[in-house]
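Working through the structure, step by step
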2 protein chains.
Amino acid sequence: MIKVVLDAMGGDHAPCANLEGVKLAVERGVVDQRRVLLTGPQQVLAPELAALGLSGCEIIDAPDVLTCNDTPVDAMRRKPNNSISLGIRAVAERRAAGFISAGSTGVVVAAASVGLPRLEGIRRPGIAVAITGEGGVPFVVVDVGANPQPKAVDLLQYAIMGSAYYRGTLGNDRPRVGLLNIGTEDTKGNPLTKEAALLLREAPINFVGNVEGVDVFAGRCDVVVCDGFTGNVLLKVSEGCAEYLLRTTASFMREAGIDGRQVLQKLKQRVDYSEYGGAQLLGVDGGVTICHGRSGPEAICNAIRFALRAAGAEVNHHIVTAARAAAAS
Amino acid sequence: MIKVVLDAMGGDHAPCANLEGVKLAVERGVVDQRRVLLTGPQQVLAPELAALGLSGCEIIDAPDVLTCNDTPVDAMRRKPNNSISLGIRAVAERRAAGFISAGSTGVVVAAASVGLPRLEGIRRPGIAVAITGEGGVPFVVVDVGANPQPKAVDLLQYAIMGSAYYRGTLGNDRPRVGLLNIGTEDTKGNPLTKEAALLLREAPINFVGNVEGVDVFAGRCDVVVCDGFTGNVLLKVSEGCAEYLLRTTASFMREAGIDGRQVLQKLKQRVDYSEYGGAQLLGVDGGVTICHGRSGPEAICNAIRFALRAAGAEVNHHIVTAARAAAAS
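Predicted model, so just to flag it, every value in this text is computed and none were measured.

1. Focus: the overall build of chain A
- When helices and strands are tallied, chain A shows eleven helices and eleven strands.
- For 329 residues, the compact-globule formula gives about 20 Å, and the C-alpha radius of gyration of chain A, at 20 Å, lands near that figure.
- Referenced to the eigenvectors of the C-alpha coordinate spread, the extents of chain A come out at roughly 60 × 60 × 35 Å.
- Of all 329 residues assigned to chain A, the portion counted as buried reaches 57%.

As structure tokens, then:
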């Protein structure tokens, strides 16, 4: 029975939104409550779970509560029994296949890097995010911030991991991989992209060459590979640009006397990255999902669905197989 | 009398759109036709100009026509009398204050780097682009692709040049400068951003610290400083994201039976970067404006307006003064 462990205390609206997310997932048949473990202070969570009719969820008591002022190092040294570290430990001990948190990305990445072994053959983990593009089809960007200064071999591994993740959770047998660059010609870019292009061409993936920023929303590829600095900028610029345009569209429609609520609602859904269950830390032995700090019940429910899907599809097994093939070639 | 020189042959719709752009600028009183020089084959341009009533424009005969297959090196070695090289030469010889082209960015940057001296104290040129953000207020991004691997001192100089450009053309005496990063804390980023932050803090500019991708459209700063790789991705992701959302908005409005033409028209204007006259190559002794290849008459007319404004405001003089102050501090 595949289980997931949820950080009940991470995020702006924790623990309420997180527990309501579990309730939603149970009500919708996404998961049986006995398959959900929760980390957080037992005395806080037990009555809340009882009130929500979720007493079948197991609580892993994590009395140390993190604040936004805790650095990753603080979190692990001074508050070892925090809800993130104990959630990662549950995955390390195979009590759950995946861990989900809407807490600090820095703490989750640090705890996972320390607490979970790397997947065989993988040098550095990368964070993958699925974003909706042209025609409502998602594309996945790896890395969006785990490693701001990767080597070319890391980009190769992001391509392999991103392909396996796409295949396992978003349903495309041969996802097209693009290397994010500042021109489509081979001569464009920096030393990192030039070296990575050579490796990607030889890898057991469906590499379609360089893609530019303007291509990613146009559906030119399914997996966008880049360093964590650029990927983070890509992700956050998209988010900021979309929010700005939605605000502007709403204001222009109001001025024109148009009732655009339905259109805006659909647009909001389009730019809501939580639809795909949050960011995935790929490359560690176990599933790790990082949700937006603003996550509400719907986002948490989606994260549970995708964490189970990734575990069921054995994404990590496929990553290891592909990494072996790449190393042998 | 400040003059500008326009590459009549650069761009997807050259020479027609370019010459119609001049006509628009003349009709709107942006410029007197005797202040516009044009580069391109005399035999092509002379009859076109006569037909448009623009015989007052001076033609600099540039018989070598570039194609999209000409690399920058090809352009300069094998076709020395092309419309870009001769336009840059006109600026170098002080026959015009600024050069405008909708041709290949690579060729324009190469020709300007070879043909124009660096401004005193400036190590490497950078390309600046103004984008409309929150409330319709523009922000300027430097560099969007001249140098994919700058040093920290280059980012400092981009900040100085971007500030002078913003002040001179967009009217804000103390533009706020932000350093594009993947977190607002000082500890975030890569070695380049960490070193640049120290330099920016000491510089004679209005530095407001790190900004993230999500902040740039929210109006958190007026000048966004970054390396040319990241800046190019920022620019093109914004472009792609905006185009995708406009298409999606149009389709959702159609489905909802809403006549949204007026709203879409206004949105299109908001995301049209040519409103600010195209990208500026900052750091060379003379004005250089690079327009989008797709530029139509309106974009060319705006480019002429901004090139004249930058020259009139003595942007380059202010850059040199500020660079001296920064070097002395």
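2. Focus: the relation of the copies chain A and chain B
- Expressed as a screw transformation, the operator carrying chain A onto chain B has a rotation angle of 180 degrees and an axial translation of 0.0 Å, and the superposed copies differ by an RMSD of 0.0 Å. The operation mapping one copy onto its partner corresponds to a two-fold rotation axis. No C-alpha of chain A lies nearer the rotation axis than that of Thr 230 of chain A, which sits 2.8 Å from it.
- The fraction of interface residues of chain A whose copies in chain B are also interface residues reaches 100%, indicating that both copies meet through the same surface.

3. As for the pattern of salt bridges
- Enumeration according to the criterion identifies 34 salt bridges over all chains in this entry.
- With a closest N to O distance of 3.5 Å, Glu 27 of chain A and Lys 23 of chain A form a salt bridge. Residue Glu 27 of chain A and its partner Lys 23 of chain A are both found in helix 1 (residues 16-27); the two are separated by four residues, about one turn of the helix.
- Given the relative accessible area of 55%, Glu 27 of chain A is considered exposed.
- Put simply, Arg 176 of chain B and Asp 222 of chain B hold a salt bridge, and the shortest N to O gap is 3.0 Å. Here Arg 176 of chain B, found in strand 7 (residues 176-180), pairs with Asp 222 of chain B, found in the loop between helix 8 (213-216) and strand 9 (223-225); they are 46 residues apart in sequence, far enough to count as distant.
- Under the relative-accessibility criterion, Arg 176 of chain B is labelled partly exposed at 29%.
- Assessed through its relative accessible area of 4%, Asp 222 of chain B is described here as buried.

4. Quick word on helix 6 (residues 152-170) of chain B
All names here are of chain B.
- Taking 1.5 Å per residue as the helical rise, helix 6 with its 19 residues ought to reach 27 Å, and the 26 Å between its terminal C-alpha atoms agrees with that figure.
- Within helix 6, 16 of the 19 residues are buried, which leaves it mostly tucked inside the rest of the structure.
- A positive backbone phi angle near 70 degrees is found at Gly 171, which sits one or two residues after helix 6.

5. So, the environment of Glu 120 of chain B
Residues and elements named next belong to chain B.
- Among the structural elements, Glu 120 can be located in the loop between helix 5 (105-115) and strand 5 (126-132).
- Here Glu 120 falls in the partly exposed class, since its relative accessible area comes to 43%.
- Each C-alpha atom of the pair Glu 120 and Thr 248 lies 48 Å from the other, and the pair is 128 residues apart in sequence.
- Excluding residues that lie within four positions of it along the chain, Glu 120 makes contacts with Val 320, Ala 323 and Arg 324.
- Here the side chain of Glu 120 touches Arg 324 through a polar contact of 2.8 Å, side chain to side chain.

6. Topic: the packing of aromatic side chains
Residues and elements named next belong to chain A.
- Inspection of every chain in the model, using the stated rule, returns six aromatic pairs over all chains.
- Between Phe 139 and Phe 217, the ring centres sit 5.3 Å apart and the planes meet at 85 degrees, which makes this aromatic pair edge-to-face. On the criterion of sequence distance, the pair formed by Phe 139 in strand 6 (residues 138-142) and Phe 217 in the loop between strand 8 (206-211) and strand 9 (223-225) is long-range, its members being 78 residues apart. Here the two residues Phe 139 and Phe 217 agree in accessibility, since each one is buried.

7. What to know about the interface of chain A and chain B
- Each partner contributes residues to the interface: chain A has 51 residues there, and chain B has 51 residues.
- For the pair chain A and chain B, the summed buried area comes to about 4300 Å², and 73% of that belongs to carbon and sulfur atoms.
- Where chain A touches chain B, the interface holds six salt bridges.
- In this structure, the connection of chain A to chain B is made through twelve residue pairs in polar contact (both at pLDDT 80 or more).

8. So, the packing of helix 9 (residues 261-270) of chain A against helix 9 (residues 228-255) of chain B
- Running from N to C, helix 9 of chain A and helix 9 of chain B point in directions that differ by 140 degrees, and their axes come no closer than 10 Å. With respect to each other, helix 9 of chain A and helix 9 of chain B are oriented oblique. Between helix 9 of chain A and helix 9 of chain B the crossing geometry is right-handed. For the pair formed by helix 9 of chain A and helix 9 of chain B, the contact residues are Val 263, Lys 266, Leu 267 and Arg 270 of chain A on the first element and Tyr 244, Leu 245, Thr 248, Thr 249, Phe 252, Met 253 and Glu 255 of chain B on the second.
- In the contact of helix 9 of chain A with helix 9 of chain B, the residues fall into six nonpolar, two polar and three charged.

9. Some remarks on the sheet that holds strand 5 of chain B
Residue and element names in this part refer to chain B.
- The eleven strands are arranged 3-2-1-4-11-10-5-6-9-7-8 in an open sheet whose pairing can be described as mixed. What marks the edges here is a single partner per strand, and that holds for strand 3 (58-61) and strand 8 (206-211). Taken over all neighbouring pairs, the strand axes of this sheet differ in orientation by 25 degrees on average, direction set aside.
- Across three bridges, strand 5 lies against strand 10 (residues 279-282) in antiparallel orientation. Each residue of the ladder has a partner; that of Ala 128, found in strand 10, is Gln 280.
- Its contacts with the sheet place helix 4 (residues 83-92) against strand 1 (4-7), strand 2 (36-40), strand 3, strand 4 (98-101) and strand 11 (287-290), and it is angled at close to 165 degrees to strand 4.
- Set on the sheet, helix 11 (residues 297-312) makes contact with strand 1, strand 4 and strand 11; between it and strand 1 the angle comes to about 150 degrees.

10. Quick word on the nonpolar core
- Ile 131 and Val 288 of chain A together with Ile 131 and Val 288 of chain B are the most contacted members of the largest nonpolar core, which has 110 residues in total.
- Setting aside chain neighbours within four positions, we find Val 288 of chain A in contact with Ile 88, Phe 99, Val 108, Ala 112, Leu 116, Ala 279, Gln 280 and Leu 281 of chain A.

11. Looking at the sheet that holds strand 9 of chain A
Residue and element names in this part refer to chain A.
- Read from one edge of the open sheet, eleven strands run 3-2-1-4-11-10-5-6-9-7-8, paired in mixed fashion. Looking at strand neighbours, the two that pair on one side only are strand 3 (58-61) and strand 8, the edges of this open sheet. Averaged over neighbouring strand pairs, the angle between their axes works out to 25 degrees when direction is ignored.
- Note: strand 1 (residues 4-7) against strand 4 (residues 98-101), three bridges, orientation parallel. Bridge assignment links Leu 6 to a residue of strand 4, and that residue is Ile 100.
- Strands strand 5 (126-132), strand 6, strand 7 (176-180), strand 9 and strand 10 (279-282) of the sheet are contacted by helix 6 (residues 152-170), whose axis makes an angle of about 150 degrees with strand 6.

12. Observations concerning the side chain of Thr 39 of chain B
All names here are of chain B.
- Position of Thr 39 among the secondary structure elements: in strand 2.
- Looking at Thr 39, the relative accessible area reads 0%, which means it is buried.
- With near-sequence residues (within four places) excluded, Thr 39 lies in contact with Val 5, Leu 6, Asp 7, Ala 8, Met 9, Leu 45, Ile 60, Ala 62, Ser 83, Leu 86, Gly 87 and Phe 99.

13. Observations regarding the pairing of strand 2 of chain B
All names here are of chain B.
- By the criterion of burial, strand 2 is predominantly enclosed, with five of the five residues buried.
- Neither face of strand 2 is exposed, since Val 36, Leu 38 and Gly 40 on one face and Leu 37 and Thr 39 on the opposite face are all buried.
- Bridge count for strand 1 against strand 2 is four bridges, and the pairing is parallel. Paired with Val 5 across the bridge in strand 2 is Leu 37.
- Where the polypeptide runs from strand 1 across helix 1 (residues 16-27) and back to strand 2, its parallel neighbour, the crossover connection is right-handed.
- Alignment of strand 2 against strand 3, held across four bridges, turns out to be parallel.

About the cut-offs
- All chains use their own residue numbering, which begins from 1 and follows the written sequence.
- Lettering for chains starts from A, numbering for ligands starts from 1, and both go in the order in which the items are written.
- With pLDDT at 70 or above as the cut-off, local features in this predicted model cover only qualifying residues; side-chain atom pairs require 80 or more to be listed or tallied, and sums for whole chains, interfaces and linings still use all residues.
- Note: side-chain values were computed over all heavy atoms of the structure, leaving out hydrogens and water.
- Runs of H or I in DSSP of at least four residues are treated as helices and runs of E of at least two as strands, each being numbered from the N terminus.
- The globule rule is 2.2 Å times the number of residues to the power 0.38, and the radius of gyration it is compared with is taken over C-alpha atoms.
- Exposed residues in this analysis have more than 50% of their type's maximum accessible area, buried residues have under 20%, and partly exposed residues fall in between, with area computed by a 1.4 Å probe over protein chains only.
- For this overlay, a least-squares fit was computed on C-alpha atoms, restricted to residues scoring pLDDT of at least 70 in both copies.
- Contacts between residues were defined by any pair of non-hydrogen atoms, one from each residue, lying within 4.5 Å.
- The salt bridge criterion pairs a side-chain nitrogen of Lys or Arg with a carboxyl oxygen of Asp or Glu, the two atoms within 4 Å.
- Helix span, expected: 1.5 Å multiplied by one less than the number of residues in the helix.
- Polar contacts, as used here, are pairs of N or O atoms within 3.5 Å; protein pairs need one atom able to donate a hydrogen and one able to accept it. Residues neighboring in sequence count only if both atoms are side-chain atoms.
- Only Phe, Tyr and Trp rings take part, Trp by its six-membered ring, and two of them pair if their centres are within 6.5 Å. Stacked means planes under 30 degrees apart, edge-to-face means over 60, and tilted covers everything else.
- Defined in terms of a 1.4 Å probe, buried area is the accessible area two parts forfeit on being brought together, summed over both.
- Here an angle of 0 to 180 degrees is reported between the N-to-C directions of two axes, which are lines fitted to C-alpha atoms, with helices fitted over the stretch in contact.
- Roughly parallel refers to an angle under 35 degrees, roughly antiparallel to one over 145, roughly perpendicular to one between 65 and 115, and oblique to any angle outside these ranges.
- With the far helix as reference, a near helix turned anticlockwise by less than a right angle produces a left-handed crossing, and one turned clockwise produces a right-handed crossing.
- Residue polarity follows a fixed list, in which Ala, Val, Leu, Ile, Met, Phe, Trp, Tyr, Cys and Pro are nonpolar, Asp, Glu, Lys and Arg are charged, and the others, Gly among them, are polar.
- Strand pairing requires that DSSP identify at least two bridges connecting the strands.
- Nine residue types can take part in a nonpolar core, namely buried Ala, Val, Leu, Ile, Met, Phe, Trp, Tyr and Cys, and a core is a set of them joined through side-chain atoms within 4.5 Å.
- Handedness of a crossover: with both strands directed away from the viewer, a clockwise path from the first strand across the helix to the second marks it as right-handed.

These results come straight from atomic positions and should not be treated as a statement about function.
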